[in-house]
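Residues per chain, in single letters:
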Amino acid sequence: MITVVGIGPGAAEYQTAAARQAVAQAEILVGGARHLALYPHFYGEKKKLDADIDQLMVWLEQRRYQQVVVLASGDPLFYGIGKRISASFPPEQVRIIPGISALQYLCAQIQQDMNDIYLTSSHGRSPDFDWLLAHPKIGMVTDKVIGPRKIADEILARGQRRLLVIGENLSQSNQRITILKPEHVASGDDMYDINVVVILNER
Ligand SMILES: C[S@@+](CC[C@H](N)C(=O)[O-])C[C@H]1O[C@@H](n2cnc3c(N)ncnc32)[C@H](O)[C@@H]1O
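Per the secondary structure count, the protein chain includes seven helices and ten strands. Taken against the 2.2 N^0.38 rule, which gives 17 Å for 203 residues, the C-alpha radius of gyration of the protein chain at 18 Å falls within 12% of a compact globule. If one aligns the C-alpha atoms of the protein chain with their principal axes, the spans along those axes are about 55 × 30 × 30 Å. Looking at the protein chain alone, contacts between residues at least 24 apart form 63% of all its contacts between residues at least 6 apart. Taken as a whole, the protein chain presents about 10600 Å² of accessible surface, with 51% of it coming from carbon and sulfur. Within the protein chain, one finds 21 positive and 22 negative side-chain charges whose respective centroids are separated by 2 Å.

Its volume calculated, the largest pocket comes out at about 1300 Å³. Forming the boundary of the largest pocket are 46 residues, of which Arg 34, Ser 73, Tyr 79, His 123 and Val 141 lie nearest the centre. Secondary-structure elements contributing two or more residues to the lining of the largest pocket are α2 (33–36), β4 (68–72), α4 (82–88), α5 (102–110) and β10 (195–201). Per-element accounting of the lining of the largest pocket gives the leading share, three residues, to α2. The residue makeup of the lining of the largest pocket, split by class, is 20 nonpolar, 15 polar and eleven charged. Among the domains, domain 1 (2–100) and domain 2 (103–201) are the pair contributing at least three residues each to the lining of the largest pocket.

All right, on to the nonpolar core then. Counting 16 residues, the largest nonpolar core has Phe 129, Met 140, Ile 151, Leu 164 and Ile 199 as its most contacted members. Put simply, the parts of the chain that give this core at least two residues each are α6 (129–132), β7 (138–141), α7 (148–157), β8 (162–168) and β10. For this core, the element with the highest residue contribution is α7, accounting for three residues. In contact with Leu 164, not counting residues within four places along its chain, are Pro 148, Ile 151, Ala 152, Ile 155, Thr 178, Ile 179, Leu 180, Lys 181, Pro 182, Val 185, Val 197 and Val 198. Counting 15 residues, the second largest nonpolar core, distinct from the first, contains Val 4, Val 30, Ile 81 and Ile 85.

Taken in spatial order, the five strands make up an open sheet running β6-β7-β10-β8-β9, and their pairing is mixed. The sheet is open, and its two edges are formed by β6 (118–121) and β9 (176–180), each paired on a single side. Neighbour to neighbour, the strand axes of the sheet diverge by 15° on average, direction disregarded. One ladder, built from four bridges, connects β6 with β7; its direction is parallel. Within the sheet, the bridge partner assigned to Ser 121 lies in β7 and is Val 141. In the packing of α7 onto the sheet, the strands contacted are β7, β8 and β10, and the crossing angle to β8 comes to about 170°.

Criteria and thresholds
Residues numbered from 1 in each chain as written. Predicted model: local features only at pLDDT ≥ 70, side-chain atom pairs only at ≥ 80, totals over all residues. Heavy atoms only, no water. Helix = DSSP H or I, 4+ residues; strand = E, 2+ residues; numbered from the N terminus. Rg over C-alpha atoms; globule rule 2.2 N^0.38 Å. Contact = heavy atoms within 4.5 Å. Areas by Shrake-Rupley, 256 points an atom, 1.4 Å probe, with all protein chains shown as cover. Lys, Arg positive; Asp, Glu negative; His and termini not counted. Charge placed at Lys NZ, Arg CZ, Asp CG, Glu CD. 1 Å grid on protein atoms, 1.4 Å probe; cavity = no way out; pocket = protein on both sides within 12 Å on 5 of 7 lines; lining within 4 Å. Points joined across faces, edges and corners; volume = space filled by probe spheres on them. Nonpolar A, V, L, I, M, F, W, Y, C, P; charged D, E, K, R; others polar. Domains from an automatic or database assignment. Core = buried A, V, L, I, M, F, W, Y, C linked by side-chain atoms within 4.5 Å. Buried < 20%, exposed > 50% of the residue type's maximum accessible area, 1.4 Å probe, protein only. Pairing = 2+ DSSP bridges. Axes fitted to C-alpha atoms, helices over the stretch in contact; angles between N-to-C directions.

From the geometry alone we can't say anything about function, so treat these as descriptive.
Right under this line is the structure:
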């Protein structure tokens, strides 16, 4: 059985009991270095994820009769590894345990309801900003290529009056949440740690 476990934004208290139980019962734990480090007391086999997802599917196929847990940040089916795994294996061989996504966590912190929010990602992809910025409320998972500064530039290029809520290192001790007009966003996306962005209309 392959169990894909959403581990939430990072802090242990934002993990579900189901996630913890799945990890405790795993024979093999698969995840990024940052995620594996959250389980120093896991004494089974650990496999570090790299960018070769095709190879990971082959590797998982060879081990599908073992209890394999694949760790995914936030929720596995929100721009995570869950989609690829559920597309690659029959449903009876996969179990998905949902987690709290970084965007849900950020909305909770700023008490912003998630009704009618358009949720998307720039992580490893190029969003259509014309279409995206036609929405009044947007939540974006980001990466180092398209992060807060690039998003701010796209807003300014369209003359929109918006606010960016930038949530970095969410749920961690170095968490930082800033609410800025686009013109005040720092000049380079390397100025920001791992982050998600909520875009709102300026009131
Ligand atoms: C591959 S996506 C996965 C999104 C994830 N499935 C979710 O539900 O949040 C990875 C991105 O999630 C966001 N992310 C994950 N954990 C975060 C955290 N603790 N603080 C801020 N952003 C985070 C970042 O935008 C990061 O580049």
